[in-house]
Amino acid sequence: MEQTVPSICRNCLAYCPILVTVKDGRAMKVAGDPQAPAFDAYTCPKGRALPAQHNDPQRVLRCLRRTPQGGFAEIASGDAVAEVARRVQAILAAHGPRAIAMYTGTGPVSHPAGANIARAWMRAIGSRMIFSAATIDKPAEYTSVALHGNWVAGLQTFETSDTWIIVGANPVISKSNGAPLNNPGMRLKQACERGMKMIVIDPRRTETARRAHVHLQARPGEDPAILAGLIHIIIEEKLVDEGFVRVNAQGLDALKQAVADYTPAYVAERAGVPVAHLLEAARSFGRGKRGGVVCSTGPSFSTHSNLSYYLALCLNTLCGRWAREGERAPYPNVLLPAFTPKAQPYAPYAVKSDTPMRVLDLHENASGMPTAALADEILLGGAGQVKALFCLGGNPVLAWPDQQKAEQAMRELELLVVLDYRLTATAQFAHYVIPPPLSLEVAGSSQKVESLKYSGVSRGYAFAWAQHTPAVVPTPAGADLMDDAGFFFHLAQQMKLQLEWINLRGQGPNLESPTERVALDMTRMPSTEELIELSCNNSRVPLDEVKKHPHGHVWDIDVLVTPRDADCTARLELGAPIMMQELRQIRAQDAWSPRADLAHPFLMVCRRANHLMNSVGQSLPLLNDTQETPASMHPADLSTLGIAPGALATVRSAHAAIQVRMAADESLRPGVISLVHGFGGSIAQGGERAASVNRLLNMQERDPISGIPRMSAVPVAVERAPSPG
Ligand SMILES: Nc1nc2c(c(=O)[nH]1)N[C@H]1C(S)=C(S)[C@@H](COP(=O)(O)OP(=O)(O)OC[C@H]3O[C@@H](n4cnc5c(=O)[nH]c(N)nc54)[C@H](O)[C@@H]3O)O[C@H]1N2
Ligand SMILES: Nc1nc2c(c(=O)[nH]1)N[C@H]1C(S)=C(S)[C@@H](COP(=O)(O)OP(=O)(O)OC[C@H]3O[C@@H](n4cnc5c(=O)[nH]c(N)nc54)[C@H](O)[C@@H]3O)O[C@H]1N2
Ligand code: SF4
Ligand SMILES: [Mo]
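Let's shift gears to the environment of Pro37. Relative to the assigned elements, Pro37 resides in the loop between β3 (26-32) and α1 (45-48). It is 39 Å that separates the C-alpha atoms of Pro37 and Glu573, two residues lying 536 residues apart in sequence. Contact partners of Pro37, with chain neighbours within four places excluded, come to Trp465, His551, Gly552, His553 and Val554.

Right, dumping it as structure tokens:
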């Protein structure tokens, strides 16, 4: 029997509403849902490949355990949990809780409850060694807010703005920050048609940049200088919203001084963009009535990311781009609790915590524990050494900077438990692989997307959309799967631990509504539906009401932004001393000499591909037919190098070399090579051809707070690959 049912694609954080055609208990087809409001039946290739992903013959359907010979043998899920519990207890007894670490990657995007229960388990054993992909993604989203403060009612929205600055993001492909996630290409087109002046800073003329009023096709890594330059012009040309700044901010004088030397002429030369474009960008933003500046992985990866993100927040504050008293609240919450969207700041807070790493002088910080340093932490012997790692929906061997070190760390672990449905580059080093059911096999809700606003500014949907989906297909016959939540719950049961579920609504100490703590009944594993109910406790719209709209619904939540409290003393900080100091340091740098490094004359940047989600999708023939890392350069550079489009090339950083398949791309700034991240396999699997971008990186140059190393604007040499044989 064939049936078409509504659901939600949970492969990325756009959470598009979909229609799934189900035949004999198998997903056959996925299409956009025309009955869903506000999405235009949009899907991308990854969403349409959900059936291929679910029915993938290579999918892991039973738990695996490493054999003494180095292969894998199947093990019943209950036995796997019991064995892992025993091994964890032995490690705890010998080395204490710090020896147990957890890494959550992007996998939990599709089952948010898993990471919540996993963290509860880590709290129960007393380990603070909780790492996530956030600190190798956009850690500055958190650190910048800690340094600058945030705004209770949120940023003005893209949908209501007449100007917008996008720094190093390509939302048309990646559904990333700042631009609407629902069919972003269409939303950008509509915005430009209604006259929005969009400014895009990107070394590549991306699908997004093609719509820009001004495209600053700058040299990668110069975002701090460019943003300082825009601030300089906005201050010089008196485009600051002085009334707003007087009431809500402090530190303007310090900022003015620190950007004084970032003149248009200096910035233009340094970043390699025309002065006229810089002036036009600053003027369109400053003279617009509403707008916002958002940053993404481009500035995050190319060093000084705290500063880039911080200056973006300062631009928002200088121009008063926060939702103002009396306007409709932009992020009113549907499946999150109602709150009062006040026109006032959340105060800045401490950016570093007192939990230290043992390596690289790093600490837990506003963005979490520094993941980029976890391999070093695992490899460094002595008291506190990490002996066990739980890897929950992540792929360290392809995602962590310095692939060699990541692989070495995976081998060194006494216990590596990988929760994943694929035998990934990381899973091959695991002692246990625990496969979860996939998204269409479990219930879900859109709440995760709403809570994106707690990690940065302007994220998620600015309209009150919500949807719930039941499981729409059964798990495959003969499978013995365990979802992430179930695994940690059963582990806790085995270890006789009490778990506490926490609903946290906010960022750092700034909470939108009170934290809810619920002691779980440890005698029975709650169902996925029960966990969704728990996470939707006190939601503005009851979950049962949301369930009445299987295609999703946009609620008319007409909540207005309320005035600033009379006793509010919080102020947005424009002159945080460490940021001002970094601005001065960058200005004092000699930016030109390193460019004369003849051994590494090109700058490597990375990007995401429309058909892949980080390392996911590579092995699905429907999405990908090559095992070679796609790279591109400007045709003029290729012809100088004597590399034919389509040929193999070697990319060499100061650290290592990899092979890539080269394409010509006229939209790329000359001098830049762009690689797709997430590609390749482990070094153990494939030598030279296992070309993860992360082979090229190391920890030498890293952010002092988040620890993210230079992952973009990496100096490299590019050569014709030696011909085989
Ligand atoms: N050089 C370089 N390095 C990068 C980046 C870059 O652009 N360049 N990007 C960085 C960024 S932004 C990020 S977010 C990280 C990504 O880092 P990771 O999250 O570590 O990498 P992913 O490839 O996204 O791995 C997600 C894994 O989750 C699994 N998965 C999917 N669904 C589920 C599920 O329901 N349950 C479980 N348990 N697993 C599931 C997938 O099979 C996949 O193996 O990499 C970072 N590293
Ligand atoms: N299709 C697809 N969607 C995804 C993902 C995926 O793998 N595939 N991954 C998801 C994840 S985990 C994340 S974090 C988001 C990320 O979403 P985005 O941050 O939008 O990621 P990209 O599309 O790679 O866009 C980054 C852009 O930064 C530019 N860039 C590189 N270096 C610099 C620089 O120094 N300065 C500036 N200004 N720009 C620079 C690159 O050319 C690129 O166009 O996407 C998510 N969505
Ligand atoms: S953009 Fe693609 S992968 Fe992301 S939710 Fe929509 S259909 Fe799924
Ligand atoms: Mo990411």
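Bringing the packing of helix α8 (residues 223-236) against helix α14 (residues 305-318) into the picture now. Remark: α8 packs on α14, axes separated minimally by 9 Å, with the N-to-C direction vectors making an angle of 20 degrees. Viewed along their axes, α8 and α14 adopt a mutual orientation that is roughly parallel. Here the hand of the crossing between α8 and α14 comes out left-handed. Two secondary-structure elements touch here, α8 through Asp223, Pro224, Leu227, Ala228, Leu230, Ile231 and Ile234 and α14 through Leu307, Ser308, Leu311, Ala312, Cys314, Leu315 and Leu318. Here the residues of the contact of α8 with α14 sort into 12 nonpolar, 1 polar and 1 charged.

The α-helix advances 3.6 residues per turn, and as a result positions three or four apart in sequence lie on the same side. Counted at 1.5 Å a residue, the expected span for helix α22 (residues 577-588) with its 12 residues is 16 Å, and the 16 Å between its end C-alpha atoms agrees. Packed against the buried residues of α22 are α5 (140-148), α8, α10 (252-259), α11 (264-271) and α14.

We now examine the packing of aromatic side chains. A full pass over the atoms with the stated rule returns 16 aromatic pairs. For the pair Tyr461 and Phe463, a centre-to-centre distance of 5.3 Å together with 55 degrees between the ring planes defines the contact as tilted. Classification of Tyr461 by relative accessible area gives buried; the value is 9%. One aromatic cluster is present, formed by Phe39, Tyr461, Phe463 and Trp465 through successive ring pairs. Across from the ring centre of Phe285, 4.6 Å away, lies the NZ or CZ of Arg321, which sits over that ring.

Within the largest apolar cluster, 85 residues are counted, with the highest numbers of intra-cluster contacts made by Leu255 and Leu583. Structurally, this core is a two-domain feature, drawing no fewer than three residues from each of domain 1 (1-138 + 339-455 + 466-518) and domain 2 (156-321 + 572-581). Beyond its immediate chain neighbours, meaning those up to four positions away, Leu255 contacts Ile231, Leu311, Cys314, Leu318, Leu574, Met580 and Leu583. Grouped together as the second largest cluster of nonpolar side chains are 42 residues, Ala85, Trp121, Phe488 and Leu520 included.

If you walk through the whole model with that rule in mind, you get 8 cavities of 30 Å³ or more. Approximately 180 Å³ is the volume found for the largest cavity. The wall of the largest cavity is formed by 19 residues, among which Asn150, Trp151, Val152, Gly154 and Lys453 lie closest to the centre. Secondary structure elements with two or more residues in the lining of the largest cavity: β8 (150-151), β23 (500-507) and β24 (510-519).

A common way to state how big an interface is: give the accessible area lost once the parts meet. With domains assigned, the protein chain is organised as domain 1 (1-138 + 339-455 + 466-518), domain 2 (156-321 + 572-581) and domain 3 (592-720). Every contact between the two is made by 41 residues of domain 1 and, on the other side, 39 residues of domain 3. Roughly 2,900 Å² of surface becomes buried between domain 1 and domain 3 when both sides are summed, with 59% attributable to carbon and sulfur atoms. When the buried surface of domain 1 facing domain 3 is broken down by residue, Lys46, Leu398 and Gln403 rank first, second and third, together holding 19% of it. On the surface where domain 1 and domain 3 come into contact, there are 0 salt bridges. The interface formed by domain 1 and domain 3 holds 15 residue pairs in polar contact (both at pLDDT 80 or more) in total. The set of elements that each furnish at least two residues to the side of domain 1 that touches domain 3 consists of α1, α2 (50-54), β16 (363-365), α16 (396-399) and α17 (403-412). The biggest single contributor to the side of domain 1 that touches domain 3 is α17, with 4 residues.

Thresholds, definitions, all that
Residues numbered from 1 in each chain as written. Chains lettered and ligands numbered in written order. Predicted model: local features only at pLDDT ≥ 70, side-chain atom pairs only at ≥ 80, totals over all residues. Heavy atoms only, no water. Helix = DSSP H or I, 4+ residues; strand = E, 2+ residues; numbered from the N terminus. Contact = heavy atoms within 4.5 Å. Axes fitted to C-alpha atoms, helices over the stretch in contact; angles between N-to-C directions. Parallel < 35°, antiparallel > 145°, perpendicular 65-115°, else oblique. Left-handed = near helix turned anticlockwise from the far one by under 90°. Nonpolar A, V, L, I, M, F, W, Y, C, P; charged D, E, K, R; others polar. Expected span 1.5 Å × (residues − 1). Phe/Tyr/Trp six-rings, centres within 6.5 Å; stacked < 30°, edge-to-face > 60°. Buried < 20%, exposed > 50% of the residue type's maximum accessible area, 1.4 Å probe, protein only. Lys NZ or Arg CZ within 6 Å of the ring centre and 35° of its normal. Core = buried A, V, L, I, M, F, W, Y, C linked by side-chain atoms within 4.5 Å. Domains from an automatic or database assignment. 1 Å grid on protein atoms, 1.4 Å probe; cavity = no way out; pocket = protein on both sides within 12 Å on 5 of 7 lines; lining within 4 Å. Points joined across faces, edges and corners; volume = space filled by probe spheres on them. Buried area = accessible area lost by both parts, 1.4 Å probe. Salt bridge = Lys/Arg side-chain N within 4 Å of Asp/Glu carboxyl O. Polar contact = N/O pair within 3.5 Å; in protein donor to acceptor, adjacent residues only side chain to side chain.

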